[in-house]
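Coordinate inspection notes
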Amino acid sequence: MSRFLQAAAFVALSALSAAPVMAADYTLKVSSPTNSDVILKWMEGFKKGVEAKTDGAIEVQLFPANQLGQIPATVEGVAMGTIEVTAPASSFFVQYDKKFEVLDVPGLFGDLAEAQKVLADPDVEDHLSAYAADQGMETIAAFPHGPLGILSVKPIDTIAALKGQKIRVAGPSALATGPLEALGASPISMPLGEVLPAMQNGVVDGLIAGLPVFTTGHYYDVAKGLTVLPESYMVVTAVASQSFLDMIGPELADDVRAAAREALTEANTWNLDAVEQVKSIWEKNGGKILTLSPEDQKAYLDAVAGIMPKAEADNPDLADEITFMQDAVKRLSAQ
């Protein structure tokens, strides 16, 4: 009898192993320019949430570190519907909708935790989701990557040290380029994946990015002095192709939206610790964290304030978007 049972079990297991694996109905590709950071954490949570909520009807494939191309190509891919989701700095979407520029405004948030709380607020999420809707896009999540820092092979220990330097910025928006120009630097919009060799070859002197970029990207191999910019944060916007959301139907599209928002909780919590570790990782690898004097911090923020009239003239929606964000900060701080 035992031999009969063993043989039956073997036949059953063989039948199971030979059974075809059901393929997903849809594939959702997610691109990001970085790796081993909060964007990847969000992507992993998003994948888990989408596949669970849709019972495997949507397979999510993750492509960090520019595997699907440099940022401009992936943003264009989302607009054209060839890539389902991409998650770079918000500045890269300003050319599609100038409202995104509000996320580059210094002074909106008091600290990283407040930025996380505001951007994860349902009313704010709903508001951001309408950005670039007429361009075939939908913002499904937004979160701070970290405080902005500036790194150069010529250390920027004072604001005066910016003069004459070629600094990479995330996007060609007025708020990204204007303050640097006012302080005598030459801002250059460039995809993140091209920056490290550009610094090594002298094409640019340095870059502005969220602090974790500098450690995960091993930028301490080309420069040592990392300066934290005052009241400034890099915000990531995960933007989906509207054609994909339309194709999968309203029920699955709502599952994708819900998973994107729910993934923020774990990713943001993880990032609070990750940002705190940047300083020790940087210094462990021979780098130095530089702090601007109060006078130089004011000079930087004054340069930002000086460009605001031009930014608002070029972007008629900017003032209203700033007011919306400021009101959200006040509302949430009162809770």
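Preceding this section is the structure that the text describes.
Attention here is on the structure that accompanies the text.

What counts and how
Residues numbered from 1 in each chain as written. Predicted model: local features only at pLDDT ≥ 70, side-chain atom pairs only at ≥ 80, totals over all residues. Heavy atoms only, no water. Axes fitted to C-alpha atoms, helices over the stretch in contact; angles between N-to-C directions. Helix = DSSP H or I, 4+ residues; strand = E, 2+ residues; numbered from the N terminus. Parallel < 35°, antiparallel > 145°, perpendicular 65-115°, else oblique. Left-handed = near helix turned anticlockwise from the far one by under 90°. Contact = heavy atoms within 4.5 Å. Expected span 1.5 Å × (residues − 1). Bend = angle between axes of the 7 residues up to and from the residue. Buried < 20%, exposed > 50% of the residue type's maximum accessible area, 1.4 Å probe, protein only. Pairing = 2+ DSSP bridges. Polar contact = N/O pair within 3.5 Å; in protein donor to acceptor, adjacent residues only side chain to side chain. Phe/Tyr/Trp six-rings, centres within 6.5 Å; stacked < 30°, edge-to-face > 60°.

Section: the packing of helix 4 (residues 112-119) against helix 10 (residues 250-284)
The geometry of helix 4 relative to helix 10 is characterised by a closest axis approach of 11 Å and an angle of 160° between their N-to-C directions. Judged by the inter-axis angle, helix 4 sits roughly antiparallel to helix 10. As helix 4 packs across helix 10, the resulting crossing turns out to be right-handed. Contact residues: helix 4 offers Leu-112, Ala-113 and Gln-116, while helix 10 offers Asn-268, Asn-271, Leu-272 and Val-275.

Considerations on helix 11 (residues 294-314)
The terminal C-alpha atoms of helix 11, which comprises 21 residues, lie 30 Å apart, in line with the 30 Å expected from a rise of 1.5 Å per residue. Taking the largest bend as the criterion, helix 11 deviates by roughly 35°, centred on Met-308, and proline Pro-309 comes between one and four positions later. Here helix 11 has its buried residues at Asp-296, Tyr-300, Ala-303, Val-304, Ile-307, Met-308 and Ala-311. In this structure, the buried side of helix 11 is in contact with helix 6 (174-182), strand 8 (225-241) and helix 12 (318-333).

Looking at helix 10
Its 35 residues place the ends of helix 10 49 Å apart at the C-alpha level, agreeing with the 51 Å of an ideal helix rising 1.5 Å per residue. Gln-277 marks the point of greatest bend in helix 10, at about 35°. Backbone geometry just after helix 10 places Gly-286 at a positive phi near 90°.

Quick look at the pairing of strand 1 (residues 26-31)
Taken together, the six bridges between strand 1 and strand 2 (residues 58-63) define a ladder with parallel strand orientation. Within strand 2, the residue paired with Tyr-26 across the bridge is Ile-58. As paired strands, strand 1 and strand 3 (residues 85-86) are joined by two bridges and run parallel to one another. Within the sheet, the bridge partner assigned to Ser-31 lies in strand 3 and is Thr-86.

A closer look at unusual backbone geometry
One non-glycine residue with positive phi stands out, namely Asp-55, at about 55°. For Asp-55, a relative accessible area of 73% puts it in the exposed group. Non-glycine residue Glu-231 carries a positive phi angle of around 55°. Considering the arrangement of structural elements, one finds Glu-231 in strand 8. Its relative accessible area of 44% is what places Glu-231 among the partly exposed residues.

Brief notes about the side chain of Asp-121
Mapped onto the elements, Asp-121 comes out in the loop between helix 4 and helix 5 (122-129). At a separation of 2.8 Å, a polar atom in the side chain of Asp-121 contacts the side chain of Arg-331. Every residue in contact with Asp-121, bar those within four places of it in the chain, is listed here: Arg-331 and Leu-332.

Re the packing of aromatic side chains
Following the criterion strictly, the structure yields seven aromatic pairs and no others. Their ring planes at 80° and their centres at 5.1 Å tell us that Phe-100 and Tyr-131 sit as a pair that is edge-to-face. Of this pair, Phe-100 sits in the loop between strand 3 and helix 4 while Tyr-131 sits in the loop between helix 5 and strand 4 (137-152); the two residues are 31 residues apart in sequence, bridging distant segments of the chain. Judged on exposure class, the residue Phe-100 and its partner Tyr-131 are both buried. Look at Phe-214 and Tyr-219: their rings are 6.0 Å apart centre to centre, the planes differ by 75°, and that puts the pair in the edge-to-face class. By the ring-pair criterion, three or more aromatic residues cluster together here, those being Phe-214, Tyr-219, Tyr-220 and Trp-282.

Overview of the pairing of strand 7 (residues 206-210)
Across the five residues that make up strand 7, a large majority, five, are buried. Bridge count between strand 4 and strand 7: five bridges; the pairing is antiparallel. Across the sheet, the residue bridging to Ser-152 is Gly-206, located in strand 7. The pairing of strand 5 (residues 166-169) with strand 7 spans two bridges and is parallel. In the sheet register, Arg-168 faces strand 7, and the bridge partner there is Leu-207.

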